[in-house]
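# Observations on the model geometry
For reference, the chains in residue letters:
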Amino acid sequence: MKCTLDIECEVVEFLPCEPGKPPVRLAPDWLVAQCIRRGNRLFAPPGTLYDDPECYRLVLNGVATAADDECRAKDTRNPEQMAAAQKALKRLQLGIHPDDFKAFEAGEMVGYDAKGNSIPGPNAKPKTEDEE
Amino acid sequence: MAKLKGKGTVLQQTISSTLTDVAQITDIDISGEASLDFDSTTLDGGVYETKDLTGYSSPGTVKFGLFFDPALAGHQAIVALITTPAACVWKVKYSDAGPSSLTYTSAGLGLEQKVVTKDGLKATVTMNRTGAPTRA
C-alpha cells in the first residue's frame, strides 16, 4: 500500500531507549533515505513516498494522499469530509485550543507564542486600551 | 525560567514511524514515573526506617481525555492498538518554543468511553509506558 506525504512530518528513527544502550531502529531504511535531518530529529518532507500496510491511516488523517488503488480503496470519505480533515489538521498542528477555533478561522490569530499568548493574524482586531 | 501554558500542547502518535497529531484532546495526565525502592529496615537498625533503591525505575502511565470521534482516523488508530495489540511510540510536545518534548513507548492501552446527556461523547485513554523515555 502506498501514499505520498502532503506536509512535512517528523519521523521517529529509533525507539526511545536509555542513554548508552544501542538504539533500536523504528523507521525503515526506505523512509529514512527520503528524510531530512535537522539536529537529531528526522523529518519526512512533502512528497515522501510511503510503502507500508498502515500508511492509509496517514491519508485518513489528512497528512498524505493515496498513491495506489489499494490505498485509495481505504479512503471512503466524501470531499466535504476530506476538506474538514485538512482544516482540522491545520488547527491541530498549531495546537489551537477549541476556545480559539473561531478566532483562528477568522484570521484573528495564527497560533501561540512561547508564553501561550495568541499571535495576531492578518485580521486581528486592534487592541482596546484595557488590553494594552 | 518560564511558566508554560497547557494550551498548545500536542500529543502525537506514530503511524508508519511518522508522528501524527491526536485531535480533540482535553487533558493529559503523565504520572507514575518513579525510581523504585524497597524497605530495608532491619531489626538491629536505628530509629528511622530505611529505604534502598532497587536500581529500577517505573516508566509510569499516560492518561488523556478527548472528545471521542469513532469515525476519525486518528482515533481509530488508537482503537487499533486494542484490536491488534502493539507497542507504539508517542510524543508529547509542550507549548514552549523549542518545543520541549517527551517521547515514550506505550505497551498496554485502555479506552473508556462516556456517553451522557449534557456533554459530548468523551473518552479516556490510558497507556502503560514501557522502557526509557526520551526527553528533548
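Residues numbered from 1 in each chain as written. Chains lettered and ligands numbered in written order. Predicted model: local features only at pLDDT ≥ 70, side-chain atom pairs only at ≥ 80, totals over all residues.

### Examining the overall build of chain B
For chain B, the count of helices and strands is one helix and nine strands. Helices (α) and strands (β) of chain B occur, in sequence order from the N terminus, as β-β-β-β-β-β-α-β-β-β. Compactness check: chain B gives a C-alpha radius of gyration of 19 Å against a globular reference of 14 Å for 136 residues, more than 25% above the reference. A principal-axis box enclosing the C-alpha atoms of chain B has dimensions of 65 × 35 × 35 Å. For chain B, the residues scored as buried account for 30% of the 136 residues in total. In chain B, the share of contacts with a sequence separation of at least 24, taken over all contacts with a separation of at least 6, comes to 59%. (Helix = DSSP H or I, 4+ residues; strand = E, 2+ residues; numbered from the N terminus. Rg over C-alpha atoms; globule rule 2.2 N^0.38 Å. Buried ≥ 20, exposed ≤ 12 C-beta atoms within 10 Å, placed from the backbone. Contact = placed C-beta atoms within 7 Å.)

### What to know about the interface of chain A and chain B
Listed per partner, the contact involves 30 residues of chain A and 29 residues of chain B. Elements with a contribution of two residues or more to the side of chain A that touches chain B: strand 2 (9-11), helix 2 (56-60) and helix 4 (79-93) of chain A. Its residues assigned to classes, the side of chain A that touches chain B comprises 20 nonpolar, five polar and five charged. (Nonpolar A, V, L, I, M, F, W, Y, C, P; charged D, E, K, R; others polar.)

### Brief notes about the sheet that holds strand 1 (residues 2-5) of chain A
All names here are of chain A. Pairing in this open sheet of three strands is antiparallel, and the strands run 5-1-6 from one edge to the other. Either end of the sheet is taken by a strand with one partner, and the two such strands are strand 5 (49-51) and strand 6 (64-66). Here the average twist between neighbouring strands, direction ignored, is 30 degrees. When strand 1 meets strand 6, the two strands line up antiparallel, connected through three bridges. The residue of strand 6 that forms the bridge with Leu-5 is Ala-64. (Pairing = 2+ DSSP bridges. Axes fitted to C-alpha atoms, helices over the stretch in contact; angles between N-to-C directions.)

### Looking at the environment of Gln-24 of chain B
Within the secondary structure, Gln-24 of chain B is located in the loop between strand 2 (18-21) and strand 3 (25-31). Not counting chain neighbours up to four residues away, the residues in contact with Gln-24 of chain B comprise Leu-66, Phe-67 and Asp-69 of chain B.

### A word on helix 1 (residues 73-83) of chain B
Within the span of helix 1 of chain B, buried status applies to Ala-73, Gly-74, His-75, Ala-77, Ile-78 and Leu-81 of chain B. Against helix 2 of chain A together with strand 1 (10-15), strand 2, strand 7 (88-93), strand 8 (101-114) and strand 9 (122-135) of chain B lie the buried residues of helix 1 of chain B.

### Structural notes on the pairing of strand 5 (residues 51-58) of chain B
Residue and element names in this part refer to chain B. A small share of strand 5 lies buried, amounting to zero of its eight residues. Sheet topology note: the strand 4 (residues 34-39)/strand 5 ladder contains five bridges and is antiparallel. Paired with Phe-38 across the bridge in strand 5 is Asp-52.

### Quick notes on the confidence of the model for chain B
All names here are of chain B. A residue-level look at chain B finds 100% of positions with pLDDT of 70 or above and a mean pLDDT of 93. At the low end of the mean pLDDT range in chain B sits helix 1, at 91; at the high end sits strand 4, at 97. Across the assembled chains, the prediction reports ipTM 0.82 with pTM 0.80. (pLDDT = per-residue confidence, 0-100.)

### Overview of unusual backbone geometry
All names here are of chain B. The residue after Gly-98, namely Pro-99, is reached through a cis peptide bond having omega -10 degrees. Structurally, the position occupied by Pro-99 is in the loop between strand 7 and strand 8. For Ser-16, which is not a glycine, the phi torsion comes out positive at approximately 50 degrees. Structurally, Ser-16 can be placed in the loop between strand 1 and strand 2. Positive phi is not limited to glycine here, since Gln-24 has a value of about 65 degrees. Residue Gln-24 is classed as partly exposed on the basis of its C-beta count, with 18 C-beta atoms lying within 10 Å.

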